Amino acid sequence: MKSLGYSRRMATLATAAALVVGGLAGCAKEDTGGTTEGGVALIKAGALTTCTHLPYAPFQAPDETGKVVGFDVALVDLVAKKLGVTQEIIDTPFEGIKSGSDLNAGKCDIAAAGMTITDERKQVLDFSDPYFDATQALAVLTGNQVKTLEELAGKRVGVQGGTTGEDYIKTQVEQKSLDIEVVSYKDLAAQQQALATKQVDAAVNDLPVWNEYIKNNVGKVEVAAGFDTGEQYGFAVKKGNAELLKAVNESLAAARADGTYDQIYATWIGAKPTA
Ligand code: GLN
């Protein structure tokens, strides 16, 4: 009897403790995450938290008011809407995004960064269906006659660190034994600044970002050559986050089907190339 009484009391205490823990978890819900009606777990209740690396116009960059806008932002807004939450964007280095460490650490739910789907990245991230086709492009200051990498012998070429553009140029330099000094910049703004101020003779990045730069800096820079790398962008979620990935893919498919994708494309990228 005595021992039964003891264990009963312990059971009561355990229940009380469980209630306290449950109660605390309830109070902290706002900070520790949430689940949408469709059963998608989010790191922060009421928000779809996006990791990106700014600036990367026209995919994501601050507008005059500081609000981050762009093609990727508009597409992820559709996902947030589907989930009944609001998108919140976090600016963070590209390395942590492409390595999966930001998603794994619970810093964000989704990565949207004009990010190319690659086999290497697929090892550490789960990618959505492709949402954009991209190629690499070599930009030079207007008037520069250079048209090929070979003509840049003895010169400096700027790249953005950690990107497919950097990989592409480094591989070309190595394979063709080109006498080019590859200089890496931490973001697109630094790379474009380096080109504008002639710290480099040419710079390589995804074609749409040069088109956007040229639109806003008429007459300064031109695309000297394109490299058809056949890249496709994907949004990424933490490996195994099948629920969110499904919502992203459904949202993309719906946007493609009802014309929303084309509208967003026209707004941020421009007229679609006719195949
Ligand atoms: N598409 C390129 C890549 O994935 C560049 C992305 C970026 O700089 N935001 O590497």
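Small disclaimer: the values here were computed from a predicted structure and weren't measured.

Undergrad: Got a sec to walk through helix α9 (residues 207-216)? Specific residues and values, please.
TA: For α9, every residue scored as buried is listed here: Pro 208, Val 209, Trp 210, Glu 212 and Tyr 213. As for α9, its buried residues are in contact with β9 (132-141), α8 (188-196), β12 (202-206), β13 (221-233) and α11 (260-268).

Undergrad: Please provide a residue-by-residue account of the pairing of β9, values included.
TA: Taking burial as the measure, the 10 residues of β9 include 8 buried ones, the bulk of the element. One ladder, built from 9 bridges, connects β9 with β13; its direction is antiparallel. What sits directly across from Val 140, in β13, is Glu 222. Direction of pairing for β9 relative to β12: antiparallel, over a ladder of 4 bridges. Of the residues in β12, the one forming a bridge with Ala 137 is Asn 205.

Undergrad: Describe the sheet that holds strand β10 (residues 156-160), naming the residues involved and giving the relevant values.
TA: Judged by pairing direction, the sheet is mixed, and its 5 strands sit side by side in the order β11-β10-β12-β9-β13 without closing on themselves. A single partner strand is all that each edge strand has here, and the edge strands are β11 (181-185) and β13. Direction aside, neighbouring strands of the sheet carry axes that sit 25° apart on average. Running over the sheet, helix α7 (residues 164-175) touches β9, β10, β11, β12 and β13 and is turned about 170° from β11.

Undergrad: Explain the pattern of salt bridges to me, and be specific about the residues and the numbers.
TA: Counted by the stated rule, this structure contains 11 salt bridges. Among the charged side chains, a salt-bridge network with shared partners connects Lys 82, Lys 246 and Glu 250.

Undergrad: Please set out the sheet that holds strand β7 (residues 110-111) residue by residue, giving values where relevant.
TA: If you trace the 5 strands from one edge of the open sheet to the other, you get β6-β3-β7-β14-β8, paired in mixed fashion. The open sheet is flanked by β6 (86-91) and β8 (126-127), the only strands paired with a single partner. Helix α3 (residues 71-83) rests against β3 (47-52), β6 and β7 of the sheet, and its axis sits at about 135° to β6.

Undergrad: For the environment of Asp 201, give the residues involved together with the corresponding values.
TA: With respect to the helices and strands, the residue Asp 201 is situated in the loop between α8 and β12. Sequence-wise, Asp 201 and Lys 155 are 46 residues apart; in three dimensions their C-alpha atoms are separated by 6.3 Å.

Undergrad: Mind laying out unusual backbone geometry, listing which residues take part and the relevant values?
TA: Trans peptide bonds make up the majority, and among non-glycine residues the majority have a negative phi. Cis rather than trans, the peptide bond between Leu 54 and Pro 55 has omega equal to -10°. You can see Pro 55 is positioned in the loop between β3 and β4 (61-62). Omega for the peptide link from Ala 57 to Pro 58 comes to 10°, which places this bond in the cis form. Along the polypeptide, Pro 58 turns up in the loop between β3 and β4. Its identity as a non-glycine residue notwithstanding, Ser 177 has a phi of 45°, on the positive side. Mapped onto the secondary structure, Ser 177 falls in the loop between α7 and β11. In this structure, Lys 198 takes a positive phi of about 60° despite not being glycine. When you line up the elements, Lys 198 lands in the loop between α8 and β12.

Undergrad: Would you mind going over the nonpolar core in detail, with residue names and values included?
TA: In terms of nonpolar packing, the biggest core is built from 32 residues, with Leu 48, Phe 71, Leu 75, Leu 83, Tyr 131, Phe 132 and Phe 235 touching the most fellow members. Mapped onto this core, the elements with two or more residues apiece are α3, β9, α10 (242-258) and α11. No other element matches the 7 residues that α3 contributes to this core. Ignoring any residue separated from it by four or fewer positions in sequence, one finds Leu 83 in contact with Thr 36, Val 40, Leu 42, Leu 48, Leu 244 and Ala 247. By size, the runner-up hydrophobic cluster in this structure holds 16 residues, among which are Val 146, Val 173, Ile 180 and Ala 225.

Undergrad: Describe in detail α7, supporting the description with residues and values.
TA: Taking 1.5 Å as the rise per residue, α7 with 12 residues should run 16 Å; its terminal C-alpha atoms sit 16 Å apart, in good agreement. Taken together, the buried residues of α7 touch α6 (119-122), β9, β10, β11, β12 and β13. Looking one or two places after α7, you find Ser 177, whose phi comes out positive at around 45°.

Undergrad: Tell me about the site of the ligand, and please be specific about residues and values.
TA: Taken together, Tyr 56, Phe 94, Ala 113, Gly 114, Met 115, Thr 116, Arg 121, Gln 160, Thr 163, Thr 164, Asp 206 and Tyr 233 make up all the residues around the ligand. Within the contact set of the ligand, an oxygen atom lies 2.9 Å away from a side-chain nitrogen or oxygen of Gln 160. Here an oxygen atom of the ligand sits 2.8 Å away from a polar atom, N or O, in the main chain of Thr 164. Coverage of the ligand by the protein amounts to 100% of the 300 Å² it exposes when considered alone. Here the residues of the shell around the ligand sort into 5 nonpolar, 5 polar and 2 charged.

About the thresholds
Residues numbered from 1 in each chain as written. Predicted model: local features only at pLDDT ≥ 70, side-chain atom pairs only at ≥ 80, totals over all residues. Heavy atoms only, no water. Buried < 20%, exposed > 50% of the residue type's maximum accessible area, 1.4 Å probe, protein only. Helix = DSSP H or I, 4+ residues; strand = E, 2+ residues; numbered from the N terminus. Contact = heavy atoms within 4.5 Å. Pairing = 2+ DSSP bridges. Axes fitted to C-alpha atoms, helices over the stretch in contact; angles between N-to-C directions. Salt bridge = Lys/Arg side-chain N within 4 Å of Asp/Glu carboxyl O. Core = buried A, V, L, I, M, F, W, Y, C linked by side-chain atoms within 4.5 Å. Expected span 1.5 Å × (residues − 1). Near = heavy atom within 4 Å. Polar contact = N/O pair within 3.5 Å; in protein donor to acceptor, adjacent residues only side chain to side chain. Areas by Shrake-Rupley, 256 points an atom, 1.4 Å probe, with all protein chains shown as cover. Nonpolar A, V, L, I, M, F, W, Y, C, P; charged D, E, K, R; others polar.

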